[in-house]
Amino acid sequence: MSRFHKLLVTDVRKTTREASIVSLQPEDAARFEFEFVPGQYLTFRHSSDEGEELRRSYSLCSAPDEGVLQVGVKKVEGGVFSTWVNETLKPGMTLEAMPPMGGFHQPFDTPAPRQFLAFAVGSGITPILSIMKALLTDQPQNRFALVFANRSINTIMFRDELEDLKNRFLGRMNIVHILKTGGDDAALFQGRLDRAKCDQLLAHWIDARAVDRAYICGPEPMMHDIAASLREQGLNETQIRFELFGSTPKPRRSAARSSKAPTTDRVAATLTLDGATSEVGTTRDISILDTALQNGLDAPFACKAGVCSTCKCKVLAGEVEMVANHALEDYEVADGYVLSCQAFAVSDAVSVVYEDH
Ligand SMILES: Cc1cc2nc3c(=O)[nH]c(=O)nc-3n(C[C@H](O)[C@H](O)[C@H](O)COP(=O)(O)OP(=O)(O)OC[C@H]3O[C@@H](n4cnc5c(N)ncnc54)[C@H](O)[C@@H]3O)c2cc1C
């Protein structure tokens, strides 16, 4: 069973000189599989010019009720896929993507009016734009404040769309632009969005005590600074939602870090995928995901860095150590879920299942 579906590119337009908005349409048979909740992402599969298979994730920036799948791709200096999208991709071409995944936004049980706050840095605006449009449309009393940090005014993705939304949701949506360089009326603040800046914003501009939930999306170190500032203002862990687009790589795991003394380096792994179970041999220094891939199993994956949750699986038996986790919630870990790209067997035998996302 292929996890990837063909999506027709119906439009590609620039939102800045370095970023494109790509509109996509699934084939009729797969339309249902591409229904999404705001804040989810698509994982694309693409062959580089050298024939290497690339997998890259991009958050949907459209809201579910807009009836279109849209992603915003910012060109990364030296980046293979983002450069190809910005320079080569044209309407009429097709992309291959897995159905939407991710749990950045969690729906609420009750429709009470709420106050939201979001921090976005650069292309981190994409899932937040989707969530913001959905929340402001769903409940006419919801309010949304956005702190959006960019290098300069020319690099602000969705600048016009954000202005239009401010007019459409008059009085319910606020934006603070923070620009690293260049003074302009658009920037209320200058410099980096760091801990000090965030403390300053929360002291003078945003009443964090009134905030029901905060969304944070951008580069890893900055996200931790913002979360620390929000915690100090009294927000608890369940009120702070993260989506990381990349992380600082951690050193590879060594066998010495295992919590149990291994009796042998060999591990018997039982892997269940798409309803079929395979019993394979592996070692403690090969991740569960690589064990599956090396044995010809089509396990889902994308970033291989513990940032997205594409490779999530559940441990049914045995013990594994997860060396990095920037995607799973505490309750998911407590329920036995791991990111298989970051999970290594600790016991002599392990059994895992990849569930349908
Ligand atoms: C859940 C999720 C959602 C995301 N959503 C978005 C989104 O909405 N919009 C968006 O723009 N991005 C998003 N991203 C980031 C995106 O997936 C890509 O990581 C990004 O576009 C870069 O991909 P690339 O192929 O262009 O770059 P890559 O080719 O992966 O390169 C990335 C960087 O590494 C450097 N590099 C590559 N190879 C080497 C090497 N061998 N040695 C040294 N340096 C090297 C490159 O120069 C470049 O600076 C998201 C990521 C995740 C995990």
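Residues numbered from 1 in each chain as written. Predicted model: local features only at pLDDT ≥ 70, side-chain atom pairs only at ≥ 80, totals over all residues. Heavy atoms only, no water.

1. Quick look at the site of the ligand
- Inspection of the region around the ligand gives 20 residues, with Arg56, Ser57, Tyr58, Ser82 and Thr126 positioned closest.
- Taking Lys74, its main chain carries an N or O atom lying 2.9 Å from an oxygen atom of the ligand.
- For the ligand, whose free accessible area comes to 980 Å², the fraction covered by protein is 65%.
- Counting atoms within 2 Å of the grid points, the majority share of the ligand lands in the largest pocket.
- Breaking the shell around the ligand down by element, the ones donating at least two residues are β4 (53-59), β5 (69-74) and α1 (80-87).
- Of the residues forming the shell around the ligand, the biggest block, 4 residues, is contributed by β4.
- Counted by class, the shell around the ligand contains 9 nonpolar, 8 polar and 3 charged residues. (Near = heavy atom within 4 Å. Polar contact = N/O pair within 3.5 Å; in protein donor to acceptor, adjacent residues only side chain to side chain. Areas by Shrake-Rupley, 256 points an atom, 1.4 Å probe, with all protein chains shown as cover. 1 Å grid on protein atoms, 1.4 Å probe; cavity = no way out; pocket = protein on both sides within 12 Å on 5 of 7 lines; lining within 4 Å. Sits in = over half its atoms within 2 Å of the grid points. Helix = DSSP H or I, 4+ residues; strand = E, 2+ residues; numbered from the N terminus. Nonpolar A, V, L, I, M, F, W, Y, C, P; charged D, E, K, R; others polar.)

2. A look at the sheet that holds strand β13 (residues 266-273)
- Read from one edge of the open sheet, 5 strands run β14-β13-β19-β15-β17, paired in mixed fashion. Of all strands in the sheet, those bounded by a partner on one side alone are β14 (276-283) and β17 (337-339). Strand after strand, the sheet turns through a mean of 35° between neighbouring axes, direction not considered.
- Pairing geometry for β13 and β14, over 8 bridges, is antiparallel. In the strand pairing of β14, Leu273 is matched with Ala276. (Pairing = 2+ DSSP bridges. Axes fitted to C-alpha atoms, helices over the stretch in contact; angles between N-to-C directions.)

3. Describing the pairing of strand β11 (residues 213-218)
- Burial of β11 is extensive: 6 of the 6 residues sit out of reach of the surface.
- Here β11 shows no split at all, with Arg213, Tyr215 and Cys217 on one side and Ala214, Ile216 and Gly218 on the other all buried.
- With 5 bridges connecting them, strand β7 (residues 115-121) and β11 associate as parallel partners. Following the sheet pairing, Ala120 is matched in β11 by Cys217.
- The pairing of β11 with strand β12 (residues 240-244) spans 5 bridges and is parallel. Bridge assignment links Gly218 to a residue of β12, and that residue is Leu244. (Buried < 20%, exposed > 50% of the residue type's maximum accessible area, 1.4 Å probe, protein only.)

4. Side note on the environment of Thr277
- In this fold, Thr277 is placed in strand β14.
- Classification of Thr277 as partly exposed rests on a relative accessible area of 48%.
- With 76 residues separating them in the primary sequence, Thr277 and Val353 have C-alpha atoms 8.5 Å apart.
- Discounting residues that sit within four places of it in the chain, Thr277 has contacts with Thr270, Leu271 and Thr272. (Contact = heavy atoms within 4.5 Å.)

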